[in-house]
Amino acid sequence: SSGINAEYGGHTDIASQLSRRLIQLRAARTLWHRDMNQFMDHILRVNDGGLSYDVFPWIIGRVRKGEKSSQPVSMGACQEFMPIVLRFLHSDRDEYLHVALVMVQSLVERFQDQLGEMSRNHINSAQSANLESLYMILVKTVERVRALTNAHHQEVAKEANNALALLEKL
């Protein structure tokens, strides 16, 4: 009897976790369409790896679209999201590593001109706070990304090589 209760209890826990994640994802989707700052605040406040993983493709898509997006992701918002990117880069889960590496590539590609200016010390003070922070975080990822070029999972190694090539241009 106790074994049956334990088994059903485990299913209840999983169902409860999935239900909470779905509620958080729905809230994130609503905020995504309404206000990017509120969306980012929500993701950071919830601090859930699964939810972050679920929304990474949305953010990457907007980062890649740049100013062509109806609600572009600002450099400041990208900088605020970097702690999650860094956490994912140190994960043991291949899917987290993959999406974090794609995000690094997308950020470098999107802000390549500004980041290049930063590396050459040609930056105006209006841009400097978020740009300097994003630049420093990206520079700190180089060694971890380099280590991931030898990952056992081919897709992770491929994305790490792509990200490293971009980071080394900074």
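Our subject in this report is the structure included herewith. (Residues numbered from 1 in each chain as written. Predicted model: local features only at pLDDT ≥ 70, side-chain atom pairs only at ≥ 80, totals over all residues. Heavy atoms only, no water.)

Looking now at the overall build of the chain. Across its full length, the chain carries eight helices and zero strands. For the chain, the sequential pattern of α-helices and β-strands runs α-α-α-α-α-α-α-α. Sorting the 170 residues of the chain into buried and exposed places 40% on the buried side. Taking as baseline every contact in the chain between residues at least 6 positions apart, the subset at least 24 positions apart corresponds to 64%. Here the chain has roughly 9,600 Å² of accessible surface; of this, 49% comes from carbon and sulfur atoms. Here the chain contributes 19 positive and 19 negative side-chain charges, whose respective centroids are spaced 4 Å apart. (Helix = DSSP H or I, 4+ residues; strand = E, 2+ residues; numbered from the N terminus. Buried < 20%, exposed > 50% of the residue type's maximum accessible area, 1.4 Å probe, protein only. Contact = heavy atoms within 4.5 Å. Areas by Shrake-Rupley, 256 points an atom, 1.4 Å probe, with all protein chains shown as cover. Lys, Arg positive; Asp, Glu negative; His and termini not counted. Charge placed at Lys NZ, Arg CZ, Asp CG, Glu CD.)

We now examine the packing of aromatic side chains. When we look at a pair of aromatic rings, we describe it by the centre distance and by the angle of the planes. Scanning all chains against the criterion turns up seven aromatic pairs. A ring pair is formed by Phe-39 and Trp-58, whose centres lie 6.2 Å apart and whose planes are at 35°; its orientation type is tilted. Residue Phe-39 is found in helix α2 (residues 36-46), and its partner Trp-58 is found in helix α3 (residues 49-65); the two are separated by 19 residues along the sequence. Given the relative accessible area of 0%, Phe-39 is considered buried. When its relative accessible area of 25% is taken as the criterion, Trp-58 is described as partly exposed. (Phe/Tyr/Trp six-rings, centres within 6.5 Å; stacked < 30°, edge-to-face > 60°.)

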